[in-house]
Amino acid sequence: MYLVNKATKTIIVFLLVALQADYSRQALPLVINTWGFSNSTLRAHQSLTVGEFSAVDALVEGCSVCEREQCDGTVGYGGSPDETGETTLDAMIMDGTTMNVGAVAALREVKHAIAVAKHVLENTKHTLLVGNQATDFAVMMGFQRETLETDRSKEMWEQWKTNHCQPNFWTDVIPSPSMSCGPYEPVSGNSVNSNFWSSSTIDVDQKLKSEEPEFGRYNHDTIGMIVIDSHGHVVAGTSTNGARNKIPGRVGDSPIAGSGAYADSAVGAAAATGDGDIMMRFMPSLLAVEGLRQGLSPMLAGEAALARIAEHYPDFVGGIVVATKDGEYGAACHGLTQFPYSVAEGNDSDTKVVVKTVNCRKKRNL
C-alpha cells in the first residue's frame, strides 16, 4: 500500500509540474506596455502570433503604431515642443538575450524613432546616438528628413510663449524664470540685482506654484513596452517625445538602458514612464529586474523600485510595468490615482487586448 501511495503521489506531483509548465507556455507570447495604448499592444502581439516576427521586430511594430498615432500627444511627432517650439524624439530597444542596446535621443526631423533605434542596435557597435548626428545616421539608414511640427504642436508652443513661458524647467537664474522667457544667466554673487532675486524667489515661486511642470497622462507619457516571444526571448523598449517645454537638448530616462527599460531573458523585463529627470537618477527598470532576480513578484519588484525614488523625491510621478521571463506580470505607480497598462498574452491568433489598472501610492505617503 505504501508503494502504491508513493507512486500515486509521484504521478500527481509530476502532473502538477507538467500543468504548471503548460500554463507558463500558454501565457507566452506576452506583450505588456505602459498606459492604455491598446493598438500598439495588439500590433506587437499579432506580429508574434500571426506574422511570426522576432521579438525585436514585434516591439518595433508595436511602438511604431504609437508613434504614428501620436499616442496622447506625447509619443511621436507633433507633441511636447521644447522652448524653441521644436519636437524631438527619444527611443530605445534592449535585447535581453544578447544584452545589446540601441537607442536615439533628441532625434530631429525623423519620425520613426524606434525603427532608427533598431538600426543602432543591429548596424552599429554603439548604444546611443543623439541629436543632429542621430539624424544623419538615420538618413544613411534610408529614413527621410521631415518636419516633426504640426499645427497642434505650434499652437501649444505659442500658448506657452503667450503665458510668459510658464511652466518651465529653469532654476536659480536671472531674470526670474517664473516671470520671464529669458535669455537667462546663472544667479551669482556678481549678478546684477542678485540680492533682489534671491530674496524674492520664495514669494514668486509660491505665487506661481500652479505653473510648475506636471507629469502624467497627456504630458510626458512614454510608451514603454515589454515583448516576450513563445521561446522566452525577452526585449523591452521605449518611445517618447519627452517633456513639454523642455530646455533644448534635454534627454530624459526613456532612451537610457536600466532607466526607461531593461531586459534580461534569464529573468524578465521592466519599462517605466513618468518624471524622467528624477527617475533616471535611480535606474528603476534595472532595480525592478533585479527585484525579480531576488524572487520578488512583478508588482512587488515594481513597487520596490519606485519606493527607492520616493525616499528622496516623495512628490515624483511615475509608473512601471514588470514581467518575468515566464509571462507573469504586474505594475506599480506613484503620485497618480491609478495607472493603466495594456496586456495581450497567449498563442491565440485572435488576440485580445486587456487594459488593466493598478492603484498608485500617493505622494508623500509611500
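Residues numbered from 1 in each chain as written. Predicted model: local features only at pLDDT ≥ 70, side-chain atom pairs only at ≥ 80, totals over all residues. Heavy atoms only, no water.

A. View of the overall build of the protein chain. When its secondary structure is counted, the protein chain shows ten helices and 14 strands. Relative to its full complement of 366 residues, the protein chain shows a buried share of 51%. Sequence-distant contacts in the protein chain: of pairs separated by 6 or more residues, those separated by 24 or more amount to 64%. Of the roughly 17,300 Å² of accessible surface on the protein chain, 52% is carried by carbon and sulfur atoms. (Helix = DSSP H or I, 4+ residues; strand = E, 2+ residues; numbered from the N terminus. Buried < 20%, exposed > 50% of the residue type's maximum accessible area, 1.4 Å probe, protein only. Contact = heavy atoms within 4.5 Å. Areas by Shrake-Rupley, 256 points an atom, 1.4 Å probe, with all protein chains shown as cover.)

B. View of the pattern of salt bridges. Counted by the stated rule, this structure contains 13 salt bridges. Residue Lys 118 pairs with Asp 57 through a salt bridge whose shortest N-O separation is 2.6 Å. Of this pair, Lys 118 sits in helix H4 (residues 113-123) while Asp 57 sits in helix H3 (residues 55-69); the two residues are 61 residues apart in sequence, bridging distant segments of the chain. For Asp 57, a relative accessible area of 25% corresponds to the partly exposed category. Because the salt bridges share partners, they merge into one network encompassing Asp 57, Lys 118 and Glu 122. (Salt bridge = Lys/Arg side-chain N within 4 Å of Asp/Glu carboxyl O.)

C. Focus on helix H5 (residues 131-140). Among the residues of H5, those classed as buried are Gly 131, Ala 134, Thr 135, Phe 137 and Ala 138. Down the axis of H5, the smallest arc covering the buried residues is 160 degrees, so these residues share one side. Those residues of H5 that are exposed and aimed more than 90 degrees away from the buried face are Gln 133 and Met 140. Next to the buried residues of H5 lie strand E3 (100-107), H4 and strand E4 (128-130). Of the residues one or two after H5, Gly 142 is the one with positive phi, at around 100 degrees. (Arc of directions from axis to C-beta.)

D. Quick peek at a nonpolar patch on the surface. There is a patch of nonpolar side chains on the surface, built from Leu 296, Met 299 and Leu 300 and spanning about 240 Å² of accessible area. Here Leu 300 shows up in helix H10 (residues 298-310). Leu 300 sits in the partly exposed class, given a relative accessible area of 42%. (Patch = residues over 30% accessible without salt bridge, like charges linked within 9 Å, V, L, I, M, F, W, Y side chains within 5 Å.)

E. Looking closely at the sheet that holds strand E1 (residues 30-34). Spatially, E4-E3-E2-E8-E7-E1-E13-E14 is the arrangement adopted by the eight strands of the open sheet, whose pairing is mixed. The open sheet has two edge strands with one neighbour each: E4 and strand E14 (354-359). Sheet twist, expressed as the average angle between the axes of neighbouring strands with direction ignored, equals 15 degrees. In this sheet, E4 lies alongside E3 in parallel orientation, the contact comprising three bridges. Paired with Ala 103 across the bridge in E4 is Leu 128. In the packing of H3 onto the sheet, contacts are made with strand E2 (89-95), strand E7 (223-228) and strand E8 (234-240), and the angle to E7 comes to roughly 155 degrees. Across the sheet, H5 touches E3 and E4, and the angle it forms with E4 is around 105 degrees. (Pairing = 2+ DSSP bridges. Axes fitted to C-alpha atoms, helices over the stretch in contact; angles between N-to-C directions.)

F. Spotlight on the confidence of the model for the protein chain. Here the protein chain shows a mean pLDDT of 87. Residues at 70 or above account for 83%. This model gives residues 193-213 a pLDDT under 50, and the stretch forms 19 contacts once residues within four places in sequence are excluded. (pLDDT = per-residue confidence, 0-100.)

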